[in-house]
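# Structural description and commentary
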Amino acid sequence: DSGVTQTPKHLITATGQRVTLRCSPRSGDLSVYWYQQSLDQGLQFLIQYYNGEERAKGNILERFSAQQFPDLHSELNLSSLELGDSALYFCASTEISTGNYGYTFGSGTRLTVV
Amino acid sequence: ILNVEQSPQSLHVQEGDSTNFTCSFPSSNFYALHWYRWETAKSPEALFVMTLNGDEKKKGRISATLNTKEGYSYLYIKGSQPEDSATYLCAFNNDMRFGAGTRLTVKP
């Protein structure tokens, strides 16, 4: 157990639907990163939050949004889902905003859009 | 280089061989370079965080070097074992831009 908790582990949903993925960072970590790994692709950075505020944005679609709550857990909302959104979604956390101390990954949420 | 590039894309070696692969990154605005080990069906696991030009880090049979001026880092594995089989990822700076990884397969 890395200390970063992602729920659910698996999710199957239909096209056009909306889902929410949840990430609880390791205790004491203020920064949360979201990544997408599609089939045979590397890790694509989506978005970073630090202590409740958006810090950096990557290749995140407009249909996707995220937020970090006062208790530091984060949610990634995916709407109007398409088949191509099927992927493994990871979150990672670190103590501070700069990542000097390394990042801890959760075990991921596997999303299947049918 | 605008993005993080890793080479080779995949590598097959025999047990006992030593091997190395490369991570290239933009040499300007460098802050940190991270190496991760990613086994199938698991989440990426941090190996090293490197911040200073000339840094050398070691963890068991795995070591890494960093050249920030020319924008590359090498990861070395000495005496590869089948359990070293994984994808090795590097990531650059705060926004953690990952390379596509080097997939290492060590044959017994």
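Everything discussed here concerns the structure shown above.
Just so it is clear, the model here is predicted, and its values are computed rather than measured.

From N to C terminus, chain A includes zero helices and 11 strands. Rg of the C-alpha trace for chain A: 13 Å, near the compact-globule value of 13 Å for 114 residues, within the 12% margin. Dimensions along the principal axes, computed over C-alpha positions, put chain A at roughly 40 × 25 × 25 Å. Counting the 114 residues in chain A, one finds 52% classified as buried. Taken as a whole, chain A presents about 5400 Å² of accessible surface, with 46% of it coming from carbon and sulfur.

With that settled, consider the sheet that holds strand E8 (residues 72–77) of chain B. Residues and elements named next belong to chain B. The strand order E1-E3-E8-E7-E6 describes an open sheet built from five strands, whose pairing is antiparallel. Each end of this open sheet is capped by a strand with a single partner; those strands are strand E1 (5–7) and strand E6 (56–59). Taken pair by pair, the neighbouring strands of this sheet meet at an average axis angle of 15°, ignoring direction. Judged from the six bridges that link them, strand E7 (residues 62–67) and E8 form a sheet pairing that is antiparallel. Within E8, the residue paired with Leu 66 across the bridge is Ser 73.

Next up on the list: the nonpolar core. Phe 21, Leu 33, Trp 35, Phe 48, Leu 75, Tyr 88 and Leu 104 of chain B are the most contacted members of the largest nonpolar core, which has 23 residues in total. Counting only elements with at least two residues in this core, the list comes to strand E2 (10–14), strand E3 (19–24), strand E4 (33–38), strand E5 (45–50), E7, E8, strand E9 (86–92) and strand E11 (102–107) of chain B. In terms of residue count, E9 of chain B provides more of this core than any other element does, four residues in total. If you look at the next biggest cluster of nonpolar residues, it comprises 21 residues, including Ile 60, Leu 81, Ala 87 and Tyr 89 of chain A.

All names here are of chain B. Tracing the sequence through the fold places Thr 87 in strand E9. Judged by relative accessible area, Thr 87 falls into the buried class, the value being 14%. For the pair Thr 87 and Gln 14, spaced 73 residues apart in sequence, the C-alpha separation works out to 16 Å. Excluding its chain neighbours within four sequence positions, the residues that come into contact with Thr 87 are Tyr 36, Arg 37, Trp 38, Gly 101, Thr 102 and Arg 103.

A word on the state of the cysteines. Here, disulfide denotes a covalent bond that connects the sulfur atoms of two cysteines. Residue and element names in this part refer to chain A. Per the counting criterion, the structure on display carries two disulfides over all chains. Note that Cys 23 is cross-linked by a disulfide to Cys 91, the S-S spacing being 1.9 Å. The sign of the 70° torsion about the S-S bond sets the Cys 23-Cys 91 disulfide as right-handed. Here Cys 23, found in strand E3 (residues 19–24), pairs with Cys 91, found in strand E9 (residues 87–94); they are 68 residues apart in sequence, far enough to count as distant.

With omega at -10°, the peptide bond leading from Thr 7 of chain A into Pro 8 of chain A counts as cis. Tracing the backbone through its elements, the reader meets Pro 8 of chain A in the loop between strand E1 (5–7) and strand E2 (10–13). With an omega of -5°, the peptide bond between Ser 7 of chain B and Pro 8 of chain B qualifies as cis. For Pro 8 of chain B, the position within the fold is in the loop between E1 and E2.

In this description, an aromatic ring pair is defined by two values, namely the gap between the centres and the angle between the planes. The full count for this structure, using the stated rule, is 18 aromatic pairs over all chains. Ring geometry for Phe 105 of chain A and Tyr 36 of chain B: centres 5.5 Å apart, planes at 85°, overall edge-to-face. Of this pair, Phe 105 of chain A sits in strand E10 (residues 104–105) while Tyr 36 of chain B sits in strand E4, which puts the two residues in different chains. Geometrically, the ring pair formed by Phe 25 of chain B and Phe 30 of chain B is tilted, given 5.3 Å between the ring centres and 35° between the ring planes. An aromatic cluster of three or more residues is present, and its members are Tyr 33, Tyr 35, Phe 45, Phe 90, Tyr 103 and Phe 105 of chain A together with Tyr 36, Trp 38 and Phe 98 of chain B.

Parameters and conventions
- Residues numbered from 1 in each chain as written.
- Chains lettered and ligands numbered in written order.
- Predicted model: local features only at pLDDT ≥ 70, side-chain atom pairs only at ≥ 80, totals over all residues.
- Heavy atoms only, no water.
- Helix = DSSP H or I, 4+ residues; strand = E, 2+ residues; numbered from the N terminus.
- Rg over C-alpha atoms; globule rule 2.2 N^0.38 Å.
- Buried < 20%, exposed > 50% of the residue type's maximum accessible area, 1.4 Å probe, protein only.
- Areas by Shrake-Rupley, 256 points an atom, 1.4 Å probe, with all protein chains shown as cover.
- Pairing = 2+ DSSP bridges.
- Axes fitted to C-alpha atoms, helices over the stretch in contact; angles between N-to-C directions.
- Core = buried A, V, L, I, M, F, W, Y, C linked by side-chain atoms within 4.5 Å.
- Contact = heavy atoms within 4.5 Å.
- Disulfide = S-S within 2.5 Å.
- Phe/Tyr/Trp six-rings, centres within 6.5 Å; stacked < 30°, edge-to-face > 60°.

By themselves, these figures tell us nothing about what the structure is for.
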